[in-house]
2 protein chains.
Amino acid sequence: MLSSSLEPQSDAASSATSDTDVPVAGLKGKLLNHLEAAPLRASQRLPSEREMIERFATTRVTLRDTLLQLEAEGRIYRENRRGWFVSPPRLRYDLLACLPFRDMVESQQRVASTEVLAAGEVAANAVIARRLGIAEGSVVYRITRVRRIDGRRVLHVCHHLRRDCFPGILDFDLGAHSLTDLYRHEYAIRVSRVSFELASTVFDAEAAAALNAAQGSPAQRITRINFDQNGRAVDCDDEHWRHDAIELTLSAAPQS
Amino acid sequence: MLSSSLEPQSDAASSATSDTDVPVAGLKGKLLNHLEAAPLRASQRLPSEREMIERFATTRVTLRDTLLQLEAEGRIYRENRRGWFVSPPRLRYDLLACLPFRDMVESQQRVASTEVLAAGEVAANAVIARRLGIAEGSVVYRITRVRRIDGRRVLHVCHHLRRDCFPGILDFDLGAHSLTDLYRHEYAIRVSRVSFELASTVFDAEAAAALNAAQGSPAQRITRINFDQNGRAVDCDDEHWRHDAIELTLSAAPQS
DNA sequence: CGATTTCTGTGGCCTAGTTCAGATGCCCCG
DNA sequence: CGGGGCATCTGAACTAGGCCACAGAAATCG
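Predicted, not measured: the structure shown is a model, and the values here were computed from it.

Draft legend 1. Summary view of the sheet that holds strand E5 (residues 139–149) of chain A. What the eight strands build is an open sheet, ordered E4(A)-E5(A)-E6(A)-E9(A)-E8(A)-E7(A)-E10(B)-E3(B); its pairing is mixed. Looking at which strands have only one partner, the edges of the open sheet turn out to be strand E4 (112–123) of chain A together with strand E3 (91–94) of chain B. Adjacent strand axes in the sheet meet at a mean angle of 20°, parallel and antiparallel pairs treated alike. For strand E8 (residues 218–227) of chain A and strand E9 (residues 233–242) of chain A, the ladder comprises nine bridges, and the chain directions are antiparallel. If you follow A:Gln220 over to E9(A), its bridge partner there is A:Trp241.

The structure is reproduced here in structure tokens:
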């Protein structure tokens, strides 16, 4: 059971009331914060909300506010109607290393896995067409995947590929192979320039469902366009990450 | 008065009930979403919460959830105990352009201003020392500033500068001059490499107070280290942005 | 033994209030 | 005309419940 790990030990509680070293508002939920700092391991499930309101002698709304707060801080996360969990450490994601997902994850002693949700052909809408420099309505490949780290679904990504660049690419096992590896080895296309657009928002309905996240959970959007050695945009992707799952890094010479 | 702009016009309401084109949960607050899409201008203040619960026939908690949701989406923001406002368009922030803040803002037809909160000398803690490659406890310059776009406080930034690189820099008017300009013209130091670390979190107490944001509002953290032409780390800064204020962009060659 | 159904526990979402503290502006007084 | 106090308006935080939809496991049926 989890009962011992979250017990608001009397000494901790009394020190919290006497200590004013934590200047945050005395909102009851900061108990949680303290208690969390101690003995909870990554991905461990918190007790149910109803159990916690009893244990901390508070109400549903107050507790919920507190949990949402901790979620925004990236300390806990939730799975839709399943419960609250302690966030694992963030994956360091080097934007310019351009490592395949699996390599990046495994280099940090984590376990990666990928699941293909859909792969097919669609007509490019205005946004995709503009990004790829093709005519609106042109047919492109569209690949939607979900990626996991240590079993946790953290990334929903939707690729759009120029069909003239990668004919027949859907016949490969897209769950097993890295796209960039396929580009290089099967199509002799190397990514020689990337362009990113980053913003923090919330999950849309599709991504939320795919990641088992609640609609309205905070998300990090990463839109990326890949250019080949001839400066031609060959594909783009829209990534939506659980915002607590990554820390982006980047090192480069500024364009003076 | 604002009364007319947010009126839930009966035709709009009826069309909302018949239209199922918006698949989001029928949570009442999506009314707000619709209404917002229409006639509200950037930075315009929403009616008070008490006024809205009456107008939409809902309760405080429900309305608040909805507002927090819209805040997470980046569509509205709040100032501490002052009210809710419509978010202006995001500033496009090119990480590698390394434009001074003022230039970047003005190039997008917005108005920038800067306020120096504090400037002095402090002993480098472990984190700062590691970033700058100096001994822990070495004295460094520390500059804290708040930046505004169109009058709205959007950025709290804390710089740490190596004192041996920039002797006497505190004597300049740090509210008027760009730091990178001072580096170049007064100290002959050019930034030839930058290293970033990005994560989405919430404001800490200090930044929240400085920006007039509620504690717990979502924030985008940008930590940056600048290296000079000799590869030496000369300064670093910790930026906390209102998360709805920026959209980060970036274009570069990947490190193969 | 496998597939289906049912049941229970969970978060999601909602109602209807109250108390508190900061922000603002008004007004009065010097 | 300027400054200090005070009333008012605001969001912040909280109490005490309720119903609903979905997830997961257990029980049941073919």
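On we go.
Draft legend 2. How the structure looks around the protein's contact with DNA strand D. Around DNA strand D there are 21 residues in total, and A:Arg82, B:Glu49, B:Arg50, B:Arg64 and B:Arg81 lie nearest to it. Across the atoms of DNA strand D situated within 4 Å of the protein, the share located in sugar and phosphate is 63%. Between DNA strand D and the protein, one listed contact pairs a phosphate oxygen with a side-chain N or O atom of A:Thr62 at 3.0 Å. Here B:Arg50 contributes a side-chain N or O atom positioned 2.7 Å from a base nitrogen of DNA strand D. Per-element accounting of the surface near DNA strand D gives the leading share, three residues, to helix H5 (residues 60–73) of chain A. Broken down by class, the residue content of the surface near DNA strand D amounts to four nonpolar, five polar and 12 charged.

Draft legend 3. View of the protein's contact with DNA strand C. By nearness alone, 22 residues border DNA strand C, and A:Arg50, A:Arg64, A:Arg81, B:Thr62 and B:Arg82 come closest of all. Within 4 Å of the protein, the contacting atoms of DNA strand C are 66% sugar and phosphate, with bases supplying the remainder. Residue A:Glu49 places a main-chain N or O atom 2.9 Å away from a phosphate oxygen belonging to DNA strand C. Here a phosphate oxygen of DNA strand C and a side-chain polar atom of A:Arg78 are 3.1 Å apart. Only helix H4 (49–55) and H5 of chain A together with helix H4 (60–73) of chain B provide two or more residues apiece to the surface near DNA strand C. In terms of residues, the surface near DNA strand C owes the most to one element, H4(B), which gives three residues. Of the residues in the surface near DNA strand C, the class split is three nonpolar, seven polar and 12 charged.

Draft legend 4. View of the confidence of the model for chain A. Residues with a pLDDT of 70 or more make up 84% of chain A, whose mean pLDDT is 87. In this model, residues 1–25 of chain A is a region of pLDDT below 50 whose contacts with residues beyond four sequence positions or in other chains number 25 contacts.

Draft legend 5. Highlighting the relation of the copies chain B and chain A. Superposition record for chain B on chain A: RMSD 0.0 Å, screw rotation 180°, translation along axis 0.0 Å. Taken together, the turn and the small shift mark the pair as related by a two-fold rotation axis. Among all residues of chain B, the one whose C-alpha sits closest to the rotation axis is B:Ser200, at a distance of 3.5 Å. Both copies share a contact surface, since 100% of the interface residues of chain B are interface residues in chain A too.

About the criteria used
- Residues numbered from 1 in each chain as written.
- Chains lettered and ligands numbered in written order.
- Predicted model: local features only at pLDDT ≥ 70, side-chain atom pairs only at ≥ 80, totals over all residues.
- Heavy atoms only, no water.
- Pairing = 2+ DSSP bridges.
- Helix = DSSP H or I, 4+ residues; strand = E, 2+ residues; numbered from the N terminus.
- Axes fitted to C-alpha atoms, helices over the stretch in contact; angles between N-to-C directions.
- Near = heavy atom within 4 Å.
- Polar contact = N/O pair within 3.5 Å; in protein donor to acceptor, adjacent residues only side chain to side chain.
- Nonpolar A, V, L, I, M, F, W, Y, C, P; charged D, E, K, R; others polar.
- pLDDT = per-residue confidence, 0-100.
- Contact = heavy atoms within 4.5 Å.
- Least-squares fit on C-alpha atoms with pLDDT ≥ 70 in both.

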